[in-house]
Amino acid sequence: MATADNQTRLIHSVSKVGIIGAGISGIAAAKQLSGHSPVVFEATDSIGGVWKHCSYNCTKLQTPRCDFEFSDYPWAERDNSSFPSHLEVLDYLYGYATHFDVLKYVKFESRVVEIRYVGNDQTTQLPVSVKSGQYGNLLTGHPVWEVAVQTSGDPNIIQWYAFEFIVICIGKYGDIPRMPSFPRNKGQEVFKAKSCTPWIILSLTTKPLVSSSRARKLQLLATRSQALIWLWSAPRQTKFLHERPNQSLFRALLCLLSSPMRMAISKFIESYLVWKLPLVKYGLKPDHPFVEDYASCQMAILPESFFAEAEKGKILFKRSPKWWFWNGGIEFEDNTKLEVDVVLLATGYEGKKKLQSVLPEPFRSLLVDSSGTMPLYRGTIHPLIPNMAFVGFIESVSNLHTAELRSKWLARLVDNEFKLPTVQEMLDQISREMEVMKKTTRFYKRHCISTFSINHSDEICEEMGWKSWRKGNWFSEAFSPYNSRDYCEEENNN
Ligand SMILES: Cc1cc2nc3c(=O)[nH]c(=O)nc-3n(C[C@H](O)[C@H](O)[C@H](O)COP(=O)(O)OP(=O)(O)OC[C@H]3O[C@@H](n4cnc5c(N)ncnc54)[C@H](O)[C@@H]3O)c2cc1C
């Protein structure tokens, strides 16, 4: 059905629910909201997002299969301890989307270029529902958002769609690169790039390293590191090691008493990695404790043969927080110069700017708060942005698991199975979570819930009316790790 407004725009009104992006998050949301036959707009010709559009063929998942798994769709070889390639992740996602018949909702090559607010009170002020202190229903019976979609068939043609509720799943890693800033007259404009030769600066940041160089060593070390991290984080009883939002006085005391143990485990992991890898030799030992990397989801697995190539002198490292261009290459803080033909910036993406580029005011300005993060209740609802949800922006050690659980929560919220707290209560909960992140890691702007992810899942379950202790017996609660399978639909657990 299509309706025309009194201007020139033709508004398609084909579903109440629109989803933007068909990566892991968009597909998870589409499956959980399938009861509403959502429309999923995907800018490219494929689902999968970062797993489809990897820059490097050697990109692998860094989470074990059994953790990066939908609760109702096991990996074919879920106990295989090797880390799947990006193509295997893509295959797994296609298998899931096909099995649950989700692909039929996806409109490929459909990029959302603009979103307009058309709620009841179309002003530049906040909506009445938000001002009244209550968030309101997600399905209101009338369109709240209009979405402009550009199709690659003819980029000049924009189609408009109206929805009552929108889920934004456009990912954090892509589209808008994060560009470093340079002193005046020392930016890339002064660099006279020559032809493409192998002289490439791989990375100018010192990222934490948790694995080894050669393929087999990499596997072994990654597995051991995973084991240490598992001991740290996975079983419910390890929760007392880390501070979490809304903890009782007793737990706060326990957490305080266990802080020497927390630091000891962090030191132990650091020592193990320094012993196993030539981090000191290459000046790559991070200055901050391991626990801060864990708390900000910054644990990476290096490409195969990384240190072997360094050993051969094919990868050189230079630690320099500040650098700039000269016409023959780049210059560092210590005034040494490097002559290069190509400079490859591995400086990441501006996920929040990408979101801001499609949202209208006043919502655009509300997306990021004074701490530089997105204030999202349960990692999903912005208390001041009506009828809109965000999946995939607040990370955990398994983003697939988190995206799925939050989408389950969202689907029940859309169906009015429970009510959200007031706007103020949601904002308070968000600031308690942010306080914990700020205390745990200097990299809190990465917005990761890894240290309190079980607690996060517990609260989501409780809000949905599910049991939060999902194992069925005390022994398993104490010693067996939590993963997606523990969060199957509630009926299956009773
Ligand atoms: C190299 C790399 C390795 C990673 N490894 C892990 C890991 O081991 N474990 C883990 O948990 N996480 C990992 N991550 C994080 C990863 O981002 C998440 O696991 C997850 O895949 C994110 O999915 P997403 O759907 O939220 O975003 P994306 O995968 O980015 O998907 C977003 C989708 O939205 C589409 N889109 C964007 N803008 C628009 C628009 N305007 N209109 C329509 N469509 C649009 C894009 O085309 C894309 O398909 C890794 C990320 C990277 C980059």
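Residues numbered from 1 in each chain as written. Predicted model: local features only at pLDDT ≥ 70, side-chain atom pairs only at ≥ 80, totals over all residues.

(A) Highlighting the overall build of the protein chain. Within the protein chain, the regular secondary structure consists of 15 helices and 15 strands. In the protein chain, which comprises 494 residues, the proportion classed as buried is 36%. Put simply, 71% of the contacts in the protein chain that link residues at least 6 apart link residues at least 24 apart. (Helix = DSSP H or I, 4+ residues; strand = E, 2+ residues; numbered from the N terminus. Buried ≥ 20, exposed ≤ 12 C-beta atoms within 10 Å, placed from the backbone. Contact = placed C-beta atoms within 7 Å.)

(B) Representation of the site of the ligand in the model. Around the ligand, a shell composed of 30 residues is seen, among which Gly21, Gly23, Gly49, Gly171 and Gly392 lie nearest. Among the elements of the structure, helix H1 (24-32) and strand S6 (110-117) are those that each provide at least two residues to the shell around the ligand. Ranked by the residues each element gives to the shell around the ligand, the list is headed by H1, at three residues. Residue classes in the shell around the ligand are distributed as 14 nonpolar, 14 polar and two charged. (Near = placed C-beta within 6 Å. Nonpolar A, V, L, I, M, F, W, Y, C, P; charged D, E, K, R; others polar.)

(C) Geometry of the pairing of strand S8 (residues 158-163). Bridge analysis of strand S2 (residues 10-12) against S8 gives two bridges, and the strand direction is parallel. Within the sheet, the bridge partner assigned to Ile11 lies in S8 and is Trp160. Pairing of strand S7 (residues 145-151) with S8, which is carried by six bridges, proceeds in the antiparallel orientation. Its bridge partner being in S8, Val149 is matched across the sheet by Gln159. In this antiparallel pair of consecutive strands, S7 and S8, the connection spans six residues. (Pairing = 2+ DSSP bridges.)

(D) Region of interest: the nonpolar core. Membership of the largest hydrophobic core comes to 92 residues, with the highest contact counts inside it found for Ile27, Ala29, Leu93, Ile166 and Ile168. Considering each element in turn, this core owes the most residues, seven residues, to helix H11 (residues 399-414). With sequence-adjacent residues up to four places away left out, Ile168 is seen in contact with Ile20, Leu355, Met388 and Phe390. (Core = buried A, V, L, I, M, F, W, Y, C linked by C-beta atoms within 7 Å.)

(E) Representation of the sheet that holds strand S15 (residues 388-390). On the basis of which strands lie adjacent, the open sheet formed by five strands has the order S5-S4-S3-S9-S15 and parallel pairing. Two strands close off the open sheet at either side, each with one partner strand: strand S5 (106-107) and S15. Bridge count for strand S9 (residues 165-168) against S15 is three bridges, and the pairing is parallel. Residue pairing for S15: Val167 is matched across the bridge by Ala389.

(F) Layout of the environment of Asn246. Inspection of the secondary structure puts Asn246 in the loop between helix H4 (215-233) and helix H5 (249-257). Residue Asn246 is classed as partly exposed on the basis of its 14 C-beta neighbours within 10 Å. Between the C-alpha atoms of Asn246 and Gln429, which are 183 residues apart in sequence, the distance is 8.2 Å.

(G) Spotlight on the pairing of S9. Of the two faces of S9, the one lined by Phe165 and Val167 and the one lined by Ile166 and Ile168 are each fully buried. As paired strands, strand S3 (residues 17-20) and S9 are joined by four bridges and run parallel to one another. When the bridges of S9 are listed, Val17 appears paired with Phe165.

(H) Broad picture of the sheet that holds strand S13 (residues 337-339). Strand order across the open sheet formed by three strands is S11-S12-S13, with antiparallel pairing between neighbours. The sheet terminates laterally at strand S11 (323-326) and S13, the two strands that pair on one side only. For this sheet, the mean inter-axis angle between neighbouring strands, taken without regard to orientation, is 25°. (Axes fitted to C-alpha atoms, helices over the stretch in contact; angles between N-to-C directions.)

(I) The packing of H1 against H11, seen in detail. Interhelical geometry of H1 versus H11 gives an angle of 30° and a closest axis separation of 8 Å. The element H1 and its partner H11 pack so that their crossing is right-handed. Contacts between H1 and H11 involve Ile24, Ser25, Ala28, Ala29 and Gln32 from the former and Asn399, Leu400, Ala403, Glu404, Ser407, Lys408, Leu410 and Ala411 from the latter. When its residues are assigned to classes, the contact of H1 with H11 shows seven nonpolar, four polar and two charged. (Left-handed = near helix turned anticlockwise from the far one by under 90°.)

(J) Highlighting helix H2 (residues 86-99). Along its 14 residues, H2 runs 20 Å from first to last C-alpha, staying within 8% of the 20 Å computed at 1.5 Å per residue. Listing the buried residues of H2 in full gives Val89, Tyr92, Leu93, Tyr96 and Ala97. Viewed along the axis of H2, the buried residues span an arc of 130°, placing them on a single side of the element. Exposed residues on H2 whose side chains face more than 90 degrees from its buried face are Thr98 and His99. Where H2 is buried, its residues touch H1. Of the residues trailing H2, Asp101 is marked for its positive phi of about 55°. (Expected span 1.5 Å × (residues − 1). Arc of directions from axis to C-beta.)

(K) Seen up close, the confidence of the model for the protein chain. Averaged over all residues, the pLDDT of the protein chain equals 84, while 85% of them reach at least 70. Here residues 1-7 is modelled with pLDDT under 50, and outside its nearest four sequence neighbours on either side it reaches eight contacts, counting other chains as well. Below pLDDT 50 for its whole length, residues 194-227 participates in 69 contacts with residues either more than four positions away or in separate chains. (pLDDT = per-residue confidence, 0-100.)

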